[in-house]
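For reference, the chains in residue letters:
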Amino acid sequence: WALETAQAWRERKGQARRADWDQALAKIAPPPMKDGLYLPIENLPDFIAGFLMTLRLLAVSGIAALVIGTIIAALRVSPVPALRGFASVYTEVLRNTPLTLVLFFCAFILPQIGIRLDYVVAATIGLSLYTSPFIAEAIRSGINGIPVGQAEAARAIGLGFGFSRRAARSRA
């Protein structure tokens, strides 16, 4: 199809046929057609394998992002300024970095500095790191949504910071 189209275009323009163009167009030609319809059934095993890999990346990176995000949320509400600052910088930097850039960093920059990873592992790390700040902010906003009076009541009955946050977390 691509070769025929290119040849017809060249004949209309009066250009001679070039072998290198024919080879290049053959590489980008569409999939085989029958009666004007593409035949994706021939590539169905590849489509299924790609879909299953996507589901695997979703599950693994989602669980990892939930764990990392919960830890970052705990650091964001921490009374220790250094931990709160680290979590704030982590959240702001990764939330404002495009996903493509994070994945590019994991796939191409990490190997340049000596950290060799399989692309699936690199994608899992990139997706987990990118998604965790969003989860952290959702959890932090739930914790900060607890009324101040409830936190003060927990402290008034002798609960420490950790216990009062645990009580508040059950409500959030």
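Remember, it's a predicted structure, so these values are computed and weren't measured experimentally.

Concerning the overall build of the chain
Argument step 1. Each helix and strand in the chain was counted, giving eight helices and two strands.
Argument step 2. Ordered by position in the sequence, the α and β elements of the chain form the string α-α-β-β-α-α-α-α-α-α.
Argument step 3. The 172 residues of the chain split such that 23% are buried.
Argument step 4. Of all intrachain contacts in the chain linking residues separated by at least 6 positions in sequence, the fraction that spans at least 24 positions is 55%.
Argument step 5. In the structure as shown, the chain presents an accessible area of about 11900 Å², 67% of it carried by carbon and sulfur atoms.

Some thoughts on helix H6 (residues 119-144)
Each turn of an α-helix holds 3.6 residues, which means side chains three or four residues apart point in the same direction.
Argument step 1. The terminal C-alpha atoms of H6, which comprises 26 residues, lie 38 Å apart, in line with the 38 Å expected from a rise of 1.5 Å per residue.
Argument step 2. The largest bend along H6 reaches roughly 30° and is located at Ser-132, with the proline Pro-133 sitting one to four residues downstream.
Argument step 3. Within H6, the full set of buried residues consists of Ala-122, Thr-124, Gly-126, Ser-128, Ser-132, Pro-133, Ala-136, Glu-137, Arg-140 and Ile-143.

Side note on the environment of Tyr-130
Argument step 1. Of note, Tyr-130 is situated in helix H6.
Argument step 2. For the pair Tyr-130 and Val-102, spaced 28 residues apart in sequence, the C-alpha to C-alpha distance is 7.1 Å.
Argument step 3. Each residue touching Tyr-130, except ones within four places of it in the same chain, is listed here: Leu-94, Thr-97, Pro-98, Leu-99 and Val-102.

Digging into the environment of Val-93
Argument step 1. With respect to the element layout, Val-93 can be found in helix H4 (residues 81-95).
Argument step 2. Of the residues examined, Val-93 reaches a relative accessible area of 48% and is grouped as partly exposed.
Argument step 3. Taking the C-alpha atoms as reference, Val-93 lies 9.1 Å from Pro-133; in sequence the two are 40 residues apart.

Brief notes about helix H5 (residues 99-112)
Argument step 1. With 14 residues, H5 extends 19 Å from end C-alpha to end C-alpha; this agrees with the ideal 20 Å at 1.5 Å per step.
Argument step 2. If you follow the buried residues of H5, they end up packed against H4 and H6.

Some words on the nonpolar core
As a rule of thumb, nonpolar side chains are buried together in soluble globular proteins.
Argument step 1. Judged by nonpolar contacts, Ile-72, Ala-73, Leu-75, Ala-87, Tyr-90, Leu-94, Val-102 and Ala-136 together constitute the single largest core of eight residues.
Argument step 2. Elements with a minimum of two residues in this core: helix H3 (44-76) and H4.
Argument step 3. Not counting chain neighbours up to four residues away, the residues in contact with Ala-136 comprise Gly-69, Ile-72 and Ala-73.

Examining the side chain of Thr-124
Argument step 1. Among the structural elements, Thr-124 can be located in helix H6.
Argument step 2. Apart from the residues within four sequence positions on either side, Thr-124 is in contact with Leu-57, Val-60 and Ser-61.

With respect to the confidence of the model for the chain
Any segment with low pLDDT has predicted coordinates that should not be analysed in fine detail.
Argument step 1. Averaged over every residue, the pLDDT of the chain is 80; the share at 70 or more is 67%.
Argument step 2. No element of the chain has a lower mean pLDDT than helix H1 (residues 2-13), which averages 56, and none a higher one than H4, which averages 94.

Side note on the pattern of salt bridges
Argument step 1. One pass over the full model with this rule turns up four salt bridges.
Argument step 2. Through salt bridges that share partners, Arg-76, Glu-92, Arg-95, Glu-137 and Arg-140 make up one connected network.

Some details on a nonpolar patch on the surface
Argument step 1. A surface patch of nonpolar side chains, amounting to about 990 Å² of accessible area, comprises Leu-101, Phe-104, Phe-105, Phe-108, Ile-109, Ile-113, Ile-115, Leu-117, Tyr-119, Val-121 and Ile-125.
Argument step 2. Of all elements in the fold, only H5 and H6 reach the threshold of two or more residues within the nonpolar patch.
Argument step 3. Counting residues per element, the nonpolar patch draws most heavily on H5, at five residues.
Argument step 4. Relative to the elements of secondary structure, Tyr-119 occurs in helix H6.

Conventions we followed
- Counting starts from 1 at the beginning of each chain's written sequence and moves along it residue by residue.
- Residues qualify for local features only when their pLDDT is at least 70, as the model is predicted, and side-chain atom pairs are given and counted only at 80 or more; totals for whole chains, interfaces and linings, by contrast, use all residues.
- Excluding hydrogens and water, the side-chain values take into account all heavy atoms of the structure.
- Under the scheme used here, helices are H or I runs from DSSP no shorter than 4 residues and strands are E runs no shorter than 2 residues, and both carry numbers assigned from the N terminus.
- Think of it in three bands: with a 1.4 Å probe and only protein chains considered, a residue is buried below 20% of the maximum accessible area for its type, exposed above 50%, and partly exposed in between.
- Should any heavy atoms of two residues lie within 4.5 Å, those residues are counted as being in contact.
- To measure how exposed things are, a 1.4 Å probe is used in the Shrake-Rupley method; for residues, cover is taken only from the protein chains shown.
- In this analysis, the expected span of each helix is defined as 1.5 Å times one less than the number of residues it contains.
- Note that bend, as reported per residue, equals the angle between axes fitted to the 7 residues terminating at that residue and the 7 residues originating from it.
- What we call a nonpolar core is a set of buried Ala, Val, Leu, Ile, Met, Phe, Trp, Tyr and Cys residues that are connected through their side-chain atoms within 4.5 Å.
- By definition, pLDDT measures how confident the predictor is in each residue, and it falls between 0 and 100.
- Definition used for salt bridges: Asp or Glu carboxyl oxygen within 4 Å of a side-chain nitrogen of Lys or Arg.
- Each patch is built from residues that are more than 30% exposed by relative accessible area and take part in no salt bridge. Like charges join if they lie within 9 Å; nonpolar side chains (Val, Leu, Ile, Met, Phe, Trp, Tyr) join within 5 Å.

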